[in-house]
Structures are given as C-alpha cells and as structure tokens.
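Here's the letter readout for the chains.
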Amino acid sequence: MTELVATEAGQARITWRRARDARMVLAVSHGAGGGVEAGDLQALAEALPRHGVTVALVEQPWRVAGRKVAPAPKTLDAGWRGIWPTVSRQGLPVISGGRSAGARVACRTAGELGAAAVLALSFPLHPPGRPERSRVEELASVTVPLLVVQGANDPFGRPEEFPAELRPAAVVPHADHGLAVPERAPLTRSDALDLVTAAVTAWTATLL
C-alpha cells in the first residue's frame, strides 16, 4: 500500500510492506542520489516483514515532486518529522532508518521523535576525499540502539575511519557506497544484499 503524507516540505510518499504480526516498524528513506528503489532498501522491505517488522519505505518530498537535487538538511529533517505521526500511528516501536543522506536525517532527528533505534546504511562520514569534513557528531548524538551497515570500500567513509565506539557493526566486504561489489569480488550482489538483510534482521531481534 502506498500513501501520500503532507509535510512542511511538501508531500512525502510511504510504501508499506506490512508484517502479519508486527512487533515494530522500520521507517527507512533514501539518499540524495536515488530513491527507495535502492537494492538494500528493497531487500529489507522483502525480508523484514517475515520477521515481524513492518517496513515503511519513505520518499522525501523532493523526490515525490520530481526534483533532481536534494534540498538542505533542515528541509530533509522537516520532511522526516512530517511522516513520523503516520509511521508511528500503530503504537509500535519505530526504528528510524535511512541510507546515506537518509541515515544522517535519521540520526539527527532520532531523539526528538522518540525513535526506538536507528539504522544507518552507508553513513556518509565525510565527502569523498575530504575526511576533515567529518559528520561523526551526527552518529555520536544517537542515544538509542544504533546499527551502522557500511561497505568496506565506501569512499564516503570506510569502516576503519569511524571512531572505535561508532565503528560499523556490519561490514559488506568489497562494497562501495551503494553496497555494490565489483565483478571481480568473491561475492555477488545478491550475496552482499543477503549480508545486509541478515545483519539487520539479527539486530532487530535484539531490540525487544
């Protein structure tokens, strides 16, 4: 089921993949360079409902409006705040999640929205080649359970670049920022996505 939700930033769109006996909701959004069709988001939407987690794939208003460039962080945060009453209306714990820029939004807003946990896929620790422009404070601000899933070769932040206390708990070998792996890698794209879904599924089982 898909529904449009009015926010201060415009209309967002939520695509629901519901669990039969849901115990929690994962609200997860895309990055600045793509939408909810991203492979990792679609894999989670397929896998998690079988484990009692309803997935809400959230498209930010700028994507719904057909714009090509993401707006400023404060506008992304406003869009995320706007969808929160809808994703939390069932009264279930809500995991705030996203990939890349969406992960930053989830981290920045988790406290004020009362998120039960935060899932950060491909967290952009810094712009490529600019490690001095670290965004680690956004991760460090999260006070609820946090899972970071990172590609081993992500130019926006390799796992070893994260502080020890915030190092990604799930690492996809050989993967880039899109969690894609090169053809010469000893694992396939499907293998990489299986690692992501297995890690997130196991983590959600620890939250209740």
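Predicted model only: the values in this text are computed from it and were never measured.

Rules of the game
- Residues numbered from 1 in each chain as written.
- Predicted model: local features only at pLDDT ≥ 70, side-chain atom pairs only at ≥ 80, totals over all residues.
- Heavy atoms only, no water.
- Core = buried A, V, L, I, M, F, W, Y, C linked by side-chain atoms within 4.5 Å.
- Buried < 20%, exposed > 50% of the residue type's maximum accessible area, 1.4 Å probe, protein only.
- Helix = DSSP H or I, 4+ residues; strand = E, 2+ residues; numbered from the N terminus.
- Contact = heavy atoms within 4.5 Å.
- Salt bridge = Lys/Arg side-chain N within 4 Å of Asp/Glu carboxyl O.
- 1 Å grid on protein atoms, 1.4 Å probe; cavity = no way out; pocket = protein on both sides within 12 Å on 5 of 7 lines; lining within 4 Å.
- Points joined across faces, edges and corners; volume = space filled by probe spheres on them.
- Axes fitted to C-alpha atoms, helices over the stretch in contact; angles between N-to-C directions.
- Parallel < 35°, antiparallel > 145°, perpendicular 65-115°, else oblique.
- Left-handed = near helix turned anticlockwise from the far one by under 90°.
- Nonpolar A, V, L, I, M, F, W, Y, C, P; charged D, E, K, R; others polar.

Enquirer: Looking at this structure, I do not really get the nonpolar core. What am I missing?
Expert: One broad rule of soluble globular proteins: the nonpolar side chains tend to lie buried together. Grouped together as the largest cluster of nonpolar side chains are 31 residues, with contacts concentrated most on I14, W80, I83, W84, V87, F123 and L139. Secondary structure elements with two or more residues in this core: β2 (10-17), β3 (24-29), β4 (53-59), α3 (73-87), α4 (101-113) and β6 (117-121). A total of 6 residues in this core trace back to one element, the largest contributor, which is α4. In this structure L139 touches C107, F123, L146, V148, F162 and L166, once residues within four positions along its chain are discounted. Residues L26, L57, L179 and W203 belong to the second largest nonpolar core, which totals 29 residues.

Enquirer: Explanation requested: unusual backbone geometry in the structure shown.
Expert: Positive phi outside glycine occurs at S100, with the angle close to 55°. Note that S100 resides in the loop between β5 (94-99) and α4. Positive phi outside glycine occurs at L179, with the angle close to 60°. Looking at the secondary structure, you find L179 in the loop between β8 (170-172) and α6 (189-205).

Enquirer: Explanation requested: the pattern of salt bridges in the structure shown.
Expert: Oppositely charged side chains can pair when the atoms bearing their charge come close. The full count for this structure, using the stated rule, is 10 salt bridges. A salt bridge links R13 to E59; its shortest N-O distance comes to 2.9 Å. Placement of R13 in strand β2 and of E59 in strand β4 is noted, with a sequence separation of 46 residues between them. Given a relative accessible area of 12%, E59 falls into the buried group. In this structure, E112 engages R81 in a salt bridge whose closest nitrogen and oxygen atoms are separated by 2.7 Å. You can see E112 sitting in helix α4 and its partner R81 sitting in helix α3, a full 31 residues away along the chain. R81 sits in the partly exposed class, given a relative accessible area of 34%.

Enquirer: What should I look at first to understand empty space enclosed by the protein in this one?
Expert: Over the atoms, a rolling probe the size of a water molecule traces out where space has been left empty. Enumeration over the complete set of coordinates arrives at 1 cavity of 30 Å³ or more. What the largest cavity holds in volume is close to 50 Å³. Surrounding the largest cavity, S29, H30, G31, A32, Q60, W62, A70, L76, A101, G102 and V105 form its lining. Among the elements that line the lining of the largest cavity, the one with the most residues is α4, at 3 residues.

Enquirer: Where do I start with the packing of α3 against α4 in this structure?
Expert: To describe two helices that pack against each other, one gives the angle between their axes and the distance between the axes. At a minimum axis separation of 10 Å, α3 and α4 run at an interaxial angle of 50°. Taken together, α3 and α4 sit at an angle that is classed as oblique. For the pair α3 and α4, the crossing hand works out as right-handed. Between α3, through P73, L76, D77, W80, R81 and W84, and α4, the contact on the second element is made entirely by V105, A106, R108, T109, E112 and L113. Residues that form the contact of α3 with α4 fall into these classes: 7 nonpolar, 1 polar and 4 charged.

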